[in-house]
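In case you want the letters, here they are:
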Amino acid sequence: MTTTDPSPPASRVLPVPPPPRWAVRAARIVVWSTVPSGVWRIALVLGVPVGVMEREEFLAAFPDNSVFIALTYVLLIGALTEAASYLTLGLVRPWGEVMPRWIPMLGGRPVDHRIAVVVASLGAFVVTFLWWVLFFGGLLTSPSPDPGISAGEALFVAAYAPLLLWGPLLAAVTWSYHRRHKARPCTRRDPGSVADGGGIDTTTVVDGRGGAWPG
């Protein structure tokens with residue numbers, strides 16, 4: 001007697017394709033792009049001559065000209081900036097696919113790539129607008145009594161210029177992350193390939209537009 005299994009054919013989703021090398025390198029550059037400006041701010045508080053601003057002028061913005069408060073401020077700003085840029089690595093690392101297990105209540109759960117793409121895209125827009133338009137755009141349009149550029153100003157620009165890479169590179173890595181999830185390979189069972197109801201695993205690649213082609 002022949003029985004028919006009413007259950008649908010089994011399917012198995014394979015891991016997302018690995019990120020291309022250029023995306024991994026771009027994500028690493030984003031992380032390092034925030035370091036020079038952080039070092040410049042710390043040097044300013046510690047009294048290292050940076051040319052653009054004197055230490056006393058900077059400390060005047062804090063209660064009692066406190067070096068401790070100023071140093072805490074720049075370290076906090078640096079930590080937040082570095083943490084924000086570090087999130088770019090999640091677009092090319094496994095913890096960008098599955099939540100790390102040490103995160104309470106969310107650990108081990110898959111990351112919704114659509115939410116990740118939206119958040120990363122907004123982040124790329126914000127940091128691009130911040131550093132390209134507000135910061136460096138403001139520097140270029142602000143009046144200067146000296147048409148030349150001093151060594152201190154050159155050091156300042158060199159420390160902050162890498163931040164211009166943050167937004168565009170984050171946008172590029174986000175695009176790569178999106179493309180990898182839209183071209184997810186999946187293994188499915190072809191129910192018609194064996195007459196007795198069995199199947200043969202065939203690999204297809206979904207193109208993100210509802211279509212697929214054999215692998």
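Position numbers for residues start from 1 in each chain and track the written sequence from start to end. Only residues with pLDDT of 70 or above have their local features reported here, since the model is predicted, and side-chain atom pairs are shown and tallied only from 80 upward, although totals for entire chains, interfaces and linings are computed over all residues. Side-chain metrics in this entry use all non-hydrogen atoms of the structure; hydrogen atoms and water are not considered.

Would you take a moment to explain the layout of surface pockets for this structure?
One water molecule sets the probe size; rolling that probe over the atoms shows where empty space is left. Of the two site types, the cavity is a set of points on a 1 Å grid over the protein atoms alone where a 1.4 Å probe fits but cannot get out, and the pocket is an open set with protein on both sides within 12 Å along at least five of seven lines, each lined by residues with an atom within 4 Å of a point. Grid points are joined across faces, edges and corners, and a volume is the space filled by probe spheres set on the points. One number sums up the size of the largest pocket: a volume of about 670 Å³. Around the largest pocket, the lining comprises 25 residues; the ones closest to its centre are L87, L91, W95, A116 and V119. Secondary structure elements with two or more residues in the lining of the largest pocket: helix 5 (113–141) and helix 7 (166–182). A helix here means a DSSP run of H or I that spans at least four residues, while a strand means a run of E at least two residues long, and both kinds are numbered starting from the N terminus. For the lining of the largest pocket, the element with the most residues is helix 5, which contributes six residues.

So what exactly am I meant to see when it comes to a positive patch on the surface here?
A patch consists of residues whose relative accessible area exceeds 30% and which take part in no salt bridge; residues with like charges are grouped when within 9 Å of each other, and nonpolar side chains (Val, Leu, Ile, Met, Phe, Trp, Tyr) when within 5 Å. Reported accessibility uses the Shrake-Rupley method at a 1.4 Å probe radius. Residues are deemed covered only where the shown protein chains occlude them. Salt bridge, as used here: a side-chain nitrogen of Lys or Arg that lies within 4 Å of a carboxyl oxygen of Asp or Glu. Here the positive residues are Lys and Arg and the negative ones are Asp and Glu; neither His nor the chain ends is included. To locate a charge, take NZ of a lysine, CZ of an arginine, CG of an aspartate or CD of a glutamate. Together, R21, R25, R28 and R93 line one region of the surface with positive charge. As for its placement among the helices and strands, R93 is situated in the loop between helix 4 (67–86) and helix 5. A relative accessible area of 31% means that R93 is categorised as partly exposed. Only protein chains enter the accessibility calculation, which uses a 1.4 Å probe; a residue whose area is less than 20% of its type maximum is buried, one above 50% is exposed, and one in between is partly exposed.

In this structure, what is going on with helix 5? I would like to understand it.
Given 3.6 residues per helical turn, the α-helix brings residues three or four places apart onto the same face. Multiplying one less than the number of residues by 1.5 Å gives the expected span of a helix. With 29 residues, helix 5 ought to run about 42 Å at 1.5 Å a step, and its terminal C-alpha atoms sit 39 Å apart, in line with that. The angle separating two fitted axes, one through the seven residues that finish at a residue and one through the seven that start at it, defines the bend at that residue. Along its length, helix 5 shows its largest kink, about 25°, at L130. Along helix 5, the residues classified as buried are H113, A116, V117, A120, A124, V127, W131, F136 and G137. Close packing links the buried residues of helix 5 with helix 6 (151–160) and helix 7. Of the residues that open helix 5, the one with a side-chain oxygen 3.0 Å from the backbone nitrogen of R114 is D112. Residue contacts are counted whenever heavy atoms from the two residues lie within 4.5 Å of one another. Pairs of N or O atoms within 3.5 Å make up the polar contacts considered here, provided that, within protein, one atom can donate a hydrogen while the other can accept it, and that residues adjacent in sequence are counted only when both atoms are side-chain atoms.

Mind showing me how you'd approach the confidence of the model for the chain here?
Close inspection of predicted coordinates is inappropriate in any region flagged by low pLDDT. Across the chain, pLDDT averages 81, with 75% of residues at or above 70. The pLDDT value tells you how sure the predictor is about a given residue, anywhere from 0 up to 100. Considering each helix and strand of the chain separately, the mean pLDDT is smallest for strand 4 (residues 212–214), with a value of 42, and largest for helix 1 (residues 21–33), with 97. Taken together, the stretch residues 7–13 has pLDDT below 50 and engages in 10 contacts with residues farther than four places along the chain or on a different chain. Counting interchain partners and residues more than four positions distant, the pLDDT-below-50 stretch residues 186–215 has 57 contacts.

Mind showing me how you'd approach the packing of helix 5 against helix 7 here?
For any two helices packed against each other, the geometry comes down to the angle between their axes and how far apart the axes lie. It is the contact of helix 5 with helix 7, at a shortest axis distance of 8 Å, that shows an interaxial angle of 165°. With respect to their mutual orientation, helix 5 and helix 7 come out roughly antiparallel. Note on packing geometry: the crossing formed by helix 5 with helix 7 is left-handed. Contact with helix 5, carried on its side by H113, A116, V117, A120, S121, G123, A124, V127, T128, W131 and W132, involves W166, G167, P168, L170, A171, T174, Y177, H178 and H181 of helix 7 and no other residues of that element. In this description, a line fitted to the C-alpha atoms serves as the axis of each element, helices being fitted only across the stretch in contact, and the angle between N-to-C directions of two axes falls anywhere from 0 to 180 degrees. With respect to orientation, any angle under 35 degrees is reported as roughly parallel, any angle over 145 as roughly antiparallel, any angle of 65 to 115 as roughly perpendicular, and every other angle as oblique. Rotating anticlockwise by less than a right angle from the far helix to the near helix defines a left-handed crossing, while the corresponding clockwise rotation defines a right-handed one.

Whenever I open this one, the side chain of H181 confuses me. Can you help?
Here H181 shows up in helix 7. A relative accessible area of 6% places H181 in the buried class. If sequence neighbours within four positions are ignored, H181 has contacts with V16, E97 and H113.

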